[in-house]
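# Overview (structure and organization)
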Amino acid sequence: MNSAGEDWEEAAAEAVREASRQGRAVSAAEVLEALAARGFDVTSPDAGEKAEAALRAHAGLACFAGADGAARYHDPALLSATYAGIMDRKASPTLLMAEEIRANSREYPRPVPVELFEAEPFGLTPEQIGDALRAMAENPAFEDIAFTATSTGAVYLFSSRSLEPGYAKFLAEHAQNLAMNP
Amino acid sequence: MASATGGFAGKVLRVDLSTGAVSTESTVERYLDVLGGTGIGYRVLWDEVPAGTGAFDPANKIVFATGVLAGTGVPCNGRTAVTTIFPTCWPKPLVGSGHMGGQFAAKLKYAGYDALIVEGKADRPVWISIRNSQVQIRDARGLWGEGIRRATLEISREMGGECAVAAIGQAGEKLAPMAIVANSVSHSAGGVGGVMGSKNLKAVAVQGDGAVRLAGDKGEWERLVKFHLSILGGNNQHVVPSFPTPQSEYYNPGSRWVGEPGRRWGAAEPPVEITGNIRDLNRIAYRTNSAAFYLGANAWQYTVRGNGCTGCPIRCHTIVKVPSVAAKYGVGEMGQNTCAGLLFGRGFFRKLAAGDKSHTSLEACMLGMHLADDLGLWCNYGQLQRDLIKLYYDGTLKAKLGAKEYDSIPWDKYESGDPAFLLDMIPRIANRQGELGAVLSQGTAGLFTAWSITERDWSQDKETAYWKMGHPKHHANEDDGQCGVIINTQYNRDAQCHSHVNFVRNGLPLAVQKRLAAETWGSPEAVDAVGDYTPANVYKARRAKWALIRKELHDSLGLCNWMGPWVASPLKERDYGGDDSLESKFFSLATGLKTNREELDRMGERIFVLHRALTQRDMGEPDLRSRHDTVPDWVFKDANGAAPFSKGTTRMDREDIAKAMDLFYEVMDWDRATGAPTMEAYARLGLQDVGRRMQALKLTPGTRG
Ligand code: SF4
């Protein structure tokens, strides 16, 4: 407890919720900082581990591996895992785009229009998108990322791990035609 | 009985334009078993309009019918079905219905009527004035020749601004089969305007001061309405937004839920910025912007607000203000519409130089809406525009029209994608001017009858999107494999069914859709990923049956099938499930007649089978399977030669579609060989009288040699 009599575990969960309300998932280290600011003693050497264990055990919270490999916590009722993941990867346009393309190809399944990444919450400039695509083309870790173009010239991106090129092309054409097929 | 039943207004109004007689009958006593809407329409045609009646014969009747839930607080209500012998149906007119939203349905009910049956033919142009129990046939000679807007304005001046006016334009007056009736600016029912014109009926105006009485517990009703709101998505019940958001696990760039926080209704005065939680039930109207969905993000700056039908929070008829259109083309700067109506102008052009989401495209749409919604011209779900494209580019028009007429058309503007072309073309067709106007205003049927083009020429060509009987596909194999094909075989015009496509396009991941499909139709195999189709199975046939029944139910309850049914929802806490028994819960509470999903679906099936019987009786055809439930050849082709069931094709397999039809007839309890309902099916659905008549006509299975 802190001097205000607040429960440590509940305060840690509240710190995660607060960050979720702001659209961010947080690491255990960030939670400890928030706890310290609220007057909790977080100096013990196992404070980090304790925080991780408490957050993982909390029924209302969820966690995923962040772009740096460390766990990120969020309250899924306030912040979806999809959105949290996008915000977590924003610092690296290449990773941001690749993971989003892969998730779309795997889950729905569908290719995504390249303009998607210019819109919020991605908010990339056309230059950043171009740079990221070039970087992916040169890096074997992203060799699954591919593109297809529709008959009207619209470019769609997909992951060959989940979508065959022919099917991706069909789906891109289908998506492009939705507005002319009401 | 009638007065004790809630939901219904209580009476069906009948106006005989030949004699001037006005009468009423009890809705519940006469029509309870067919609910309302298309149900009443089909019943009236079955009972009162003999087989062989032409669409424009005085003996044809036109039935404006709404339903129990119209005019209540149920989300997405306010629909009127307009049922008649349909003039664009080829090679002979058969039963069909157009559906309009707006305020007409609610006003009709507030005036005390669930439906209006118009029969006979007036000896001069008239309009019908309905003000509660006062019904008058009024002289419309001063309105004849005017567009829908002027007619609406003049009548509203007299009836008061609160009335709803359903009027025809010049196209309907000139008996164009391709004519609409429209109310509330943009809410139109296609194909029926000429039938009104043939009766010399310019408009029906209605003002009602009553209310719809609800029989059930008001608290329960309020809770159910609130729950319904909570499971709504955007337009077409797309349950995930088009953008990633903290409030949603899923998104889909192709979703019609485009109202992202930060977007602005830029032409509102003052402009309105979308803020707050996208799940807020008081902000549902921000989700849909049809102009932005169809015309791209550029349209946000021209958006004034959404508009729509009574009690509908979706408001898919987006109002846009584009001053440049007024300056360039001399039409009003404001326009509103949705879907095919919004695309009316753009659809004529094969290609627009700056693309489909350019400003030119927006101008073409504005111009098209203005002209078509005033002249009262129908597009037959885009078939009119596709027909013109094909006829022009394959040289048919040049060959069929005289040189003088052909040269009088500004084809240079057409080829360059100049919207000004529409100022010539749309009035030309609506006014039935020249050979081109006379033929195209008949719809695709006109090409077959006047120009000896064969139906095969159209049904071979995928680009036409032509299906059968003079009409196009409406969400067929391109969206939903065999399910879409089955649905498209069933009507005498385009199928107008959205039950199935609202589900497959809802934006949820395939695994979630399959889980919901298993819960609703018995197996995840009831649904496939688009273009990754698996062979026909009974679960798909069941889903097709469900889709058709719900379409008829919605059309007969006054609900919008462009939004329902509500099998899926945006709610993670419900595992993205909606509530498939919502319609029956509302029906029970509104009427006080307790029912459940299965019982109400049986009523929907009764209505659907009545349509089937009416079609078969008027065709005089025992074998509907091969003579009516047909599939165009293009469905069995692929431009790249891909085989059916290979990934990335919508090509269907003939044997498999035959099997799909077998399964469908089985789940419908119809004869597999002929697709005709059996006597058992008629009896099960309480349609013994219909069955006996069909048997006497030798149109039930086994009654011919
Ligand atoms: S979704 Fe559109 S057409 Fe349907 S009820 Fe609402 S406003 Fe009317």
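Residues numbered from 1 in each chain as written. Chains lettered and ligands numbered in written order. Predicted model: local features only at pLDDT ≥ 70, side-chain atom pairs only at ≥ 80, totals over all residues. Heavy atoms only, no water.

## Some words on the overall build of chain A
The helix and strand inventory of chain A stands at seven helices and five strands. Scanning chain A from its N terminus toward the C terminus, one meets helices and strands in the order α-α-α-β-β-α-α-β-α-β-β-α. Here chain A has a C-alpha radius of gyration of 20 Å; the compact-globule value for 182 residues is 16 Å, and the former is much larger. By its C-alpha atoms, chain A is 65 × 40 × 25 Å across when sized along the principal axes. Burial analysis of chain A (182 residues in total) assigns 47% to the buried set. Put simply, of all contacts in chain A between residues at least 6 apart along the chain, 52% involve residues at least 24 apart. For chain A, the accessible area works out to roughly 8,700 Å², and carbon and sulfur atoms hold 53% of it. Between the centroid of the 15 positive side chains of chain A and the centroid of its 28 negative side chains there is a distance of 3 Å. (Helix = DSSP H or I, 4+ residues; strand = E, 2+ residues; numbered from the N terminus. Rg over C-alpha atoms; globule rule 2.2 N^0.38 Å. Buried < 20%, exposed > 50% of the residue type's maximum accessible area, 1.4 Å probe, protein only. Contact = heavy atoms within 4.5 Å. Areas by Shrake-Rupley, 256 points an atom, 1.4 Å probe, with all protein chains shown as cover. Lys, Arg positive; Asp, Glu negative; His and termini not counted. Charge placed at Lys NZ, Arg CZ, Asp CG, Glu CD.)

## Some points on the domain arrangement of chain A
Residue and element names in this part refer to chain A. As assigned here, chain A comprises domain 1 (8-87) and domain 2 (90-180). In this assembly, five residues from domain 1 lie in contact with six residues from domain 2. Interface area for domain 1 against domain 2, summed over the two sides, is near 460 Å², with a carbon-plus-sulfur share of 73%. In this structure, the connection of domain 1 to domain 2 is made through zero salt bridges. Linking domain 1 to domain 2 there are two residue pairs in polar contact (both at pLDDT 80 or more). (Domains from an automatic or database assignment. Buried area = accessible area lost by both parts, 1.4 Å probe. Salt bridge = Lys/Arg side-chain N within 4 Å of Asp/Glu carboxyl O. Polar contact = N/O pair within 3.5 Å; in protein donor to acceptor, adjacent residues only side chain to side chain.)

## Remarks on the site of the ligand
All names here are of chain B. Cys76, Arg79, Asn235, Gly308, Cys309, Cys312, Ile314, Arg315, Cys316, Cys560 and Met563 make up every residue found near the ligand. Here the ligand is seated within the largest cavity. When its residues are assigned to classes, the shell around the ligand shows seven nonpolar, two polar and two charged. (Near = heavy atom within 4 Å. 1 Å grid on protein atoms, 1.4 Å probe; cavity = no way out; pocket = protein on both sides within 12 Å on 5 of 7 lines; lining within 4 Å. Sits in = over half its atoms within 2 Å of the grid points. Nonpolar A, V, L, I, M, F, W, Y, C, P; charged D, E, K, R; others polar.)

## What about the nonpolar core?
Residues and elements named next belong to chain B. Counting residues in hydrophobic clusters, the biggest one holds 237 residues, and the most contacted among them are Phe64, Ile130, Phe348, Leu397 and Phe664. Element by element, the count of residues in this core is highest for helix 11 (residues 359-375), at nine residues. When neighbours within four sequence positions are excluded, phenylalanine 348 is seen to be in contact with Leu384, Gln385, Leu388, Ile389, Tyr414, Leu422, Met425, Ile426 and Ile429. (Core = buried A, V, L, I, M, F, W, Y, C linked by side-chain atoms within 4.5 Å.)

## What about the sheet that holds strand 3 (residues 62-65) of chain B?
Residue and element names in this part refer to chain B. An order of 2-1-6-3-4-5 is seen for the six strands of this open sheet, with the pairing classed as mixed. Two strands lie at the open edges of the sheet, namely strand 2 (22-26) and strand 5 (94-100), each paired on one side alone. Neighbouring strand axes in the sheet, compared pairwise and without regard to direction, differ in orientation by 20° on average. Relative to strand 6 (residues 113-119), strand 1 (residues 11-16) runs parallel, the two being bridged by six bridges. Opposite lysine 11, over in strand 6, you have tyrosine 113 as the bridge partner. Helix 25 (residues 597-619) rests against strand 4 (80-86) and strand 5 of the sheet, and its axis sits at about 140° to strand 5. (Pairing = 2+ DSSP bridges. Axes fitted to C-alpha atoms, helices over the stretch in contact; angles between N-to-C directions.)

## A few points about the pairing of strand 16 (residues 318-321) of chain B
Residue and element names in this part refer to chain B. Alternating positions in strand 16 separate into two faces, Thr318 and Val320 on one and Ile319 and Lys321 on the other, with burial throughout. Judged from the four bridges that link them, strand 16 and strand 17 (residues 334-337) form a sheet pairing that is antiparallel. Counterpart to isoleucine 319 in the pairing with strand 17 is glutamine 336.

## As for empty space enclosed by the protein
Residue and element names in this part refer to chain B. As enumerated under the stated definition, the model contains seven cavities of 30 Å³ or more in all. The computed volume of the largest cavity comes to approximately 630 Å³. Lining the largest cavity we find 40 residues, and of these His99, Ser188, Thr338, Gly341 and Trp562 sit closest to its centre. Put simply, the parts of the chain that give the lining of the largest cavity at least two residues each are strand 5, strand 11 (187-190), helix 10 (339-342) and helix 11. Residue composition of the lining of the largest cavity, grouped by class: 19 nonpolar, 16 polar and five charged. In this model, the second largest cavity occupies a volume close to 70 Å³. Around the second largest cavity sit Trp257, Gly259, Pro261, Ile274, Thr275, Gly276, Asn277, Ile278, Arg283, Tyr286 and Arg287, which together line it. Partitioning the lining of the second largest cavity into residue classes produces five nonpolar, four polar and two charged. (Points joined across faces, edges and corners; volume = space filled by probe spheres on them.)

## Describing the side chain of His500(B)
Along the chain, His500(B) falls in helix 21 (residues 499-504). Excluding residues within four positions of it along the chain, His500(B) makes contact with His474(B), His475(B), Asp480(B), Gly484(B), Ile487(B), Arg543(B) and Ala547(B).

## A short note on the side chain of Arg79(B)
Residues and elements named next belong to chain B. Within the secondary structure layout, arginine 79 lies in the loop between strand 3 and strand 4. No salt bridge is formed by the buried arginine 79. Its closest oppositely charged neighbour is aspartate 555, at 6.1 Å. What arginine 79 contacts, discounting residues up to four positions off in sequence, is Ala65, Thr66, His99, Met100, Gly101, Ala105, Cys309, Gly558, Leu559, Cys560 and Trp562.

## Description of the packing of aromatic side chains
All names here are of chain B. Evaluated as defined, the whole model comprises 30 aromatic pairs over all chains. Centre to centre, the rings of tryptophan 411 and phenylalanine 421 are 5.8 Å apart; their planes meet at 40°, and the pair counts as tilted. Highlighted residues: tryptophan 411 in helix 15 (residues 411-416) and phenylalanine 421 in helix 16 (residues 421-430), separated in sequence by ten residues. For the pair tryptophan 411 and phenylalanine 421, a shared accessibility class is recorded, and that class is buried. Taken together, the aromatic side chains of Phe349, Tyr392, Tyr393, Tyr406, Trp411, Tyr414 and Phe421 make up a single cluster linked through ring pairs. (Phe/Tyr/Trp six-rings, centres within 6.5 Å; stacked < 30°, edge-to-face > 60°.)

## Examining the domain arrangement of chain B
Residue and element names in this part refer to chain B. Under the domain assignment, chain B is made up of domain 1 (2-207), domain 2 (232-382) and domain 3 (481-696). Each side of the interface is counted separately: domain 1 has 42 residues, and domain 3 has 38 residues. Both faces combined, the contact of domain 1 with domain 3 buries some 3,300 Å², and carbon together with sulfur accounts for 67% of it. The largest share of the area that domain 1 buries against domain 3 comes from Leu35, Tyr42 and Trp46, three residues that together contribute 24% of it. Taken together, the connections running from domain 1 to domain 3 amount to one salt bridge. Here aspartate 689 and arginine 43 are joined by a salt bridge, their closest N and O atoms 2.4 Å apart. Across the contact surface, domain 1 and domain 3 share 22 residue pairs in polar contact (both at pLDDT 80 or more). When residues of the side of domain 1 that touches domain 3 are traced back to their parent elements, those giving at least two are helix 2 (37-48), strand 4 and strand 5. No other element matches helix 2, which puts seven residues into the side of domain 1 that touches domain 3.

## Section: the layout of surface pockets
Leftover empty space is mapped by rolling, across the atoms, a probe with the size of a water molecule. There is about 340 Å³ of room inside the second largest pocket. What lines the second largest pocket is a set of 17 residues, and nearest its centre among them are Pro76(A), Ala77(A), Leu78(A), Gln247(B) and Arg279(B). Class assignment for the residues of the lining of the second largest pocket results in five nonpolar, seven polar and five charged.

## Side note on the interface of chain A and chain B
Counting residues at the interface gives 29 residues for chain A and 40 residues for chain B. For the pair chain A and chain B, the summed buried surface comes to about 2,700 Å²; carbon and sulfur atoms form 57% of the total. Counting every contact that joins chain A to chain B gives one salt bridge. The salt bridge partner of Lys647(B) is Glu164(A), with a shortest N-O separation of 3.2 Å. At the junction of chain A and chain B, the tally comes to 18 residue pairs in polar contact (both at pLDDT 80 or more). If you list the elements that add at least two residues to the side of chain A that touches chain B, you get helix 4 (81-88), helix 5 (93-107) and helix 7 (165-177) of chain A.

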